[in-house]
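An overview of the molecular structure
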Amino acid sequence: RKLGYAVVGLGSYAVNQLLPRIRECDYAKLTALVSGTPAKLEKYGAEYGIPKTHRYDYAGYDRIRDNPDIDLVYVVLPNSMHAEYSIRASKAGKHVLCEKPMANTAAEAEAMIAAARAANRRLMIGYRSHFEPHNLYVIDQIRKGAIGRPTLITSEHGFYAKPGQWRLDRPMSGGGSLMDIGIYSLNAARYLSGEEPVLVQAMESTDRSDPRFATVEDRIDFQLKFPSGAIANCVSSYSSNHNAFRATGTKGWIGMEPATVYDGHSIFVRIDGKTGPVELPKATKSQWAAQMDELAKAAIEGREPRASGAEGLRDMRLIEAIYASAREGRAIRMTS
Ligand code: NAD
């Protein structure tokens, strides 16, 4: 049987990207909805054939424990709510897929991992690029040595953040561009290099007279140094559009622009004699369906999912180091 997802939070990402893709899954299906807005429960409940008994508000959330049609919970709420709703799902005996960033702090991320472990349930973070074929192709090429030894990664992510949203309210978001879009620069630098940074250095630039940035940062660019000696130069911005990365090695480079978008990824290489775009065959399954299937498969097979809680925690620790570096004006050495 396919495992059942309850989707928690019916905001823009959930209703535009996730709900329509669950039906592409081979191992999962949508069985429940959780929202504080009755009209959304009515609308999406009707659209996706979710009966009233499987529609929950936040006050009734813990009752998911008693619903055997719910195996998996997908938390798609503002960042500050990730830890609480993931931990409550683990305690209700459900496997959890939680959106990125995993939480507002590394301490919350650790508590999420502990709760899933105590319940003997799986915990996965919504790193959809880990399931996207172009990203997987580039990673595979680098690991196979196509560019030689990686020496430099550039990773740029940013967009113009419109005013008046929870992303610009620190208690809800945990921070500015780094917590939303800059995490793609960070996560890609790690999966392209295949290494964990040992040194972090960051610089922030925020126009505090812009009302969008009363509590969160706009631009925070950072450098990472990896054990091999490779360096990553990373961009994170709420005032300019970026979506690209490039890995340069001793034999050439491979890059993508756009790189971590929903659709329209474009690969370009310059390796030995080969220069130009790389076309991949059209994917049979979307990155969202592949991601949602992974948690279901991991639950069925009793193994850790890819993009697990441990992966999310690594980014949270690095994000805290990036903020500390920018604040203190010094490089931060990562211990562990
Ligand atoms: P959104 O604002 O569109 O949706 C948030 C939802 O949470 C809304 O339905 C809102 O009603 C609900 N909510 C419940 N309590 C709330 C409260 N106290 N304040 C504000 N909203 C509350 O946001 P979104 O873009 O859907 O983002 C949700 C999560 O998904 C975030 O963690 C975000 O980082 C993540 N996200 C991931 C991707 C991706 O590509 N992986 C893309 C977009 C968003």
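Rules behind the numbers
- Residues numbered from 1 in each chain as written.
- Predicted model: local features only at pLDDT ≥ 70, side-chain atom pairs only at ≥ 80, totals over all residues.
- Near = placed C-beta within 6 Å.
- Helix = DSSP H or I, 4+ residues; strand = E, 2+ residues; numbered from the N terminus.
- Nonpolar A, V, L, I, M, F, W, Y, C, P; charged D, E, K, R; others polar.
- UniProt positions renumbered as here; feature names shortened; annotations may be inferred.
- Pairing = 2+ DSSP bridges.
- Contact = placed C-beta atoms within 7 Å.
- Axes fitted to C-alpha atoms, helices over the stretch in contact; angles between N-to-C directions.
- Domains from an automatic or database assignment.

Before going further, it helps to examine the site of the ligand. The immediate surroundings of the ligand are formed by 17 residues, with Gly9, Gly11, Ser12, Tyr13 and Glu99 found nearest. Of all the elements, helix H1 (residues 12-22) adds the most residues to the shell around the ligand, at three residues. A class-by-class count of the residues in the shell around the ligand yields seven nonpolar, six polar and four charged.

Summarizing the sequence annotation, UniProt attributes the feature "domain: Gfo/Idh/MocA-like oxidoreductase N-terminal" (unreviewed entry) to residues 4-127 in the numbering used throughout. Span residues 4-127 is 36% helix and 20% strand, its end C-alpha atoms 20 Å apart.

Turning to the sheet that holds strand E9 (residues 219-225), a few remarks are in order. Strand order in the open sheet formed by nine strands is E14-E13-E12-E11-E7-E10-E9-E8-E15, and the pairing between neighbours is mixed. Each having just a single partner strand, strand E14 (274-278) and strand E15 (332-333) make up the two edges of the open sheet. As judged from the eight bridges shared by strand E7 (residues 150-158) and strand E11 (residues 242-249), these two strands associate in the antiparallel manner. Pairing of proline 150 across the sheet is with glycine 249, part of E11. This element, helix H5 (residues 133-143), spans E7, E11, strand E12 (252-256) and strand E13 (267-271) of the sheet and lies at about 165° to E12.

In this section: the domain arrangement of the protein chain. On domain assignment, one finds that the protein chain holds domain 1 (3-125 + 287-307) and domain 2 (129-283). Taking only C-alpha atoms into account, the centre of domain 1 sits 26 Å from that of domain 2. In terms of residue count, helix H8 (residues 287-301) provides more of the side of domain 1 that touches domain 2 than any other element does, four residues in total. Class assignment for the residues of the side of domain 1 that touches domain 2 results in four nonpolar, seven polar and three charged.

On the UniProt side, "domain: GFO/IDH/MocA-like oxidoreductase" (unreviewed entry) is annotated at positions that read residues 140-254 here. Along residues 140-254, the helical share is 22% and the strand share 36%, with 11 Å between the first and last C-alpha atoms.

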